[in-house]
Amino acid sequence: MRTLTRALVHTVSLLLLSVRVSQAVCVEGLSDTEAVLGHPMKLTCISCLKREDIRAVTRVTWYYEPRDDQSIPIYEYVDGPRELESWFKGRLQWEGSKDLQDLSLRITNITVNDSGVYVCEVFRQFEFDFFTPSIANRRVIQLEVKKEATRDVTALYSEVMMYVLLVFLTLWLLVEMAYCYRKISKADEQAQDAV
């Protein structure tokens, strides 16, 4: 018993020493490309900092490009979010994070005229002692406005698989219960015969 307790203490100690403190992770994901008429829509723009300990000055500009390839600035972030003069005025909200890795924008009350290309341009200038390198990222989102939401195929497959697994596992449980019941009843019969 003493050996088992000692082994357990050593194992727990080893696990506690090997576990590191978790850190937040930034993942550059894609934005949705379909919006529903009259509903809000989040345009996702994520630009991860590879090292968070380095200070950087970040500028973000959102553009809207209707079908005629004309680029219209609609929103910018320079020392704070600011909505620019456009026909989107009053319908845009900053959805970005404080650390300026998530630079997303929300459009409220989507209209049919909101279909088109949205561009998120990110410019970062890093602050070092002797030089100031910079990077520029550009995310392009092709938005299509629909009258009704289309059903996500992945969600449909997930739902079907959930029900198939539920039925399969229920049948398997019933078979196991019948098998165990038969085994117990045979053991009882053999015990009664032995008496």
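Since the structure is predicted, the reported quantities are computational estimates derived from the model, not experimental observations.

Glancing now at the overall build of the protein chain. Across its full length, the protein chain holds two helices and nine strands. Along the protein chain, helices (α) and strands (β) appear in the sequence α-β-β-β-β-β-β-β-β-β-α when read from the amino end. Burial analysis of the protein chain (195 residues in total) assigns 26% to the buried set. A sequence separation of at least 24 residues applies to 54% of the contacts in the protein chain between residues at least 6 apart. Looking at the protein chain as shown, the accessible area adds up to about 14,800 Å², and 59% of this sits on carbon and sulfur atoms.

By the element assignment, Ser-104 lies in the loop between strand E6 (92-94) and strand E7 (105-107). Of the polar contacts made by the side chain of Ser-104, one reaches the backbone nitrogen of Cys-45; its length is 3.3 Å. Look past the residues within four positions of Ser-104 in its chain and what remains in contact with it is Lys-42, Leu-43, Thr-44, Cys-45, Trp-62, Gln-93, Trp-94, Glu-95 and Gly-96.

Looking at the secondary structure, you find Val-112 in the loop between E7 and strand E8 (116-126). Sequence spacing of Val-112 and Lys-146 is 34 residues, and the spatial spacing of their C-alpha atoms is 7.6 Å. When residues no more than four places from it in sequence are discounted, the contact partners of Val-112 are Leu-37 and Val-145.

Attention now moves to a nonpolar patch on the surface. On the surface, a nonpolar cluster with roughly 790 Å² of combined accessible area is contributed by Leu-156, Val-160, Met-161, Val-164, Leu-165, Phe-168, Leu-169 and Trp-172. With respect to the element layout, Leu-169 can be found in helix H2 (residues 153-194).

What follows is about the pattern of salt bridges. Counted according to the given criterion, the structure contains seven salt bridges. Of the charged contacts in the structure, one is a salt bridge between Asp-102 and Lys-42, with a shortest N-O distance of 4.0 Å. Pair noted here: Asp-102 is in the loop between E6 and E7 and Lys-42 is in strand E2 (residues 41-43), with a separation of 60 residues, a long-range link. What makes Lys-42 partly exposed here is its relative accessible area of 28%. Ionic pairing is found between Glu-95 and Arg-106, a salt bridge with its closest N-O pair at 3.2 Å. Remark: Arg-106 occurs in strand E7 and Glu-95 occurs in the loop between E6 and E7; sequence separation between them is eleven residues. Arg-106 gets classed as partly exposed once you look at its relative accessible area, which sits at 23%.

Once that is clear, we can look at the sheet that holds E7. Strand order in the open sheet made by the three strands is E2-E7-E6, with antiparallel pairing throughout. What marks the edges here is a single partner per strand, and that holds for E2 and E6. Neighbour-to-neighbour, the strand axes of this sheet turn through a mean angle of 25°, independent of strand direction. Across three bridges, the pairing between E2 and E7 is antiparallel. Bridge assignment links Lys-42 to a residue of E7, and that residue is Arg-106.

Here the focus is the sheet that holds strand E5 (residues 81-83). Where strands meet in a sheet, backbone hydrogen bonds hold them as pairs that are either parallel or antiparallel. Across the sheet, which stays open at both edges, the six strands sit in the order E1-E9-E8-E3-E4-E5 with mixed pairing between neighbours. Among the strands making up the open sheet, the edge pair consists of strand E1 (34-36) and E5. Averaged over all neighbouring strand pairs, the angle between strand axes comes to 25°, with direction disregarded. Where E8 lies against strand E9 (residues 134-146), ten bridges are found, and the strand directions are antiparallel. What sits directly across from Phe-123, in E9, is Ala-136.

By definition, a disulfide is the covalent link that joins the sulfur atoms of two cysteine residues. Tallied over the entire structure, the rule returns one disulfide. Paired by a disulfide, Cys-45 and Cys-120 hold their sulfur atoms 2.1 Å apart. Its S-S torsion of about -75° marks the bond between Cys-45 and Cys-120 as left-handed, since a negative value means left-handed. Remark: Cys-120 occurs in strand E8 and Cys-45 occurs in the loop between E2 and strand E3 (56-65); sequence separation between them is 75 residues. Judged by its relative accessible area of 1%, Cys-45 is buried.

So, how was this worked out
- Residues numbered from 1 in each chain as written.
- Predicted model: local features only at pLDDT ≥ 70, side-chain atom pairs only at ≥ 80, totals over all residues.
- Heavy atoms only, no water.
- Helix = DSSP H or I, 4+ residues; strand = E, 2+ residues; numbered from the N terminus.
- Buried < 20%, exposed > 50% of the residue type's maximum accessible area, 1.4 Å probe, protein only.
- Contact = heavy atoms within 4.5 Å.
- Areas by Shrake-Rupley, 256 points an atom, 1.4 Å probe, with all protein chains shown as cover.
- Polar contact = N/O pair within 3.5 Å; in protein donor to acceptor, adjacent residues only side chain to side chain.
- Patch = residues over 30% accessible without salt bridge, like charges linked within 9 Å, V, L, I, M, F, W, Y side chains within 5 Å.
- Salt bridge = Lys/Arg side-chain N within 4 Å of Asp/Glu carboxyl O.
- Pairing = 2+ DSSP bridges.
- Axes fitted to C-alpha atoms, helices over the stretch in contact; angles between N-to-C directions.
- Disulfide = S-S within 2.5 Å.

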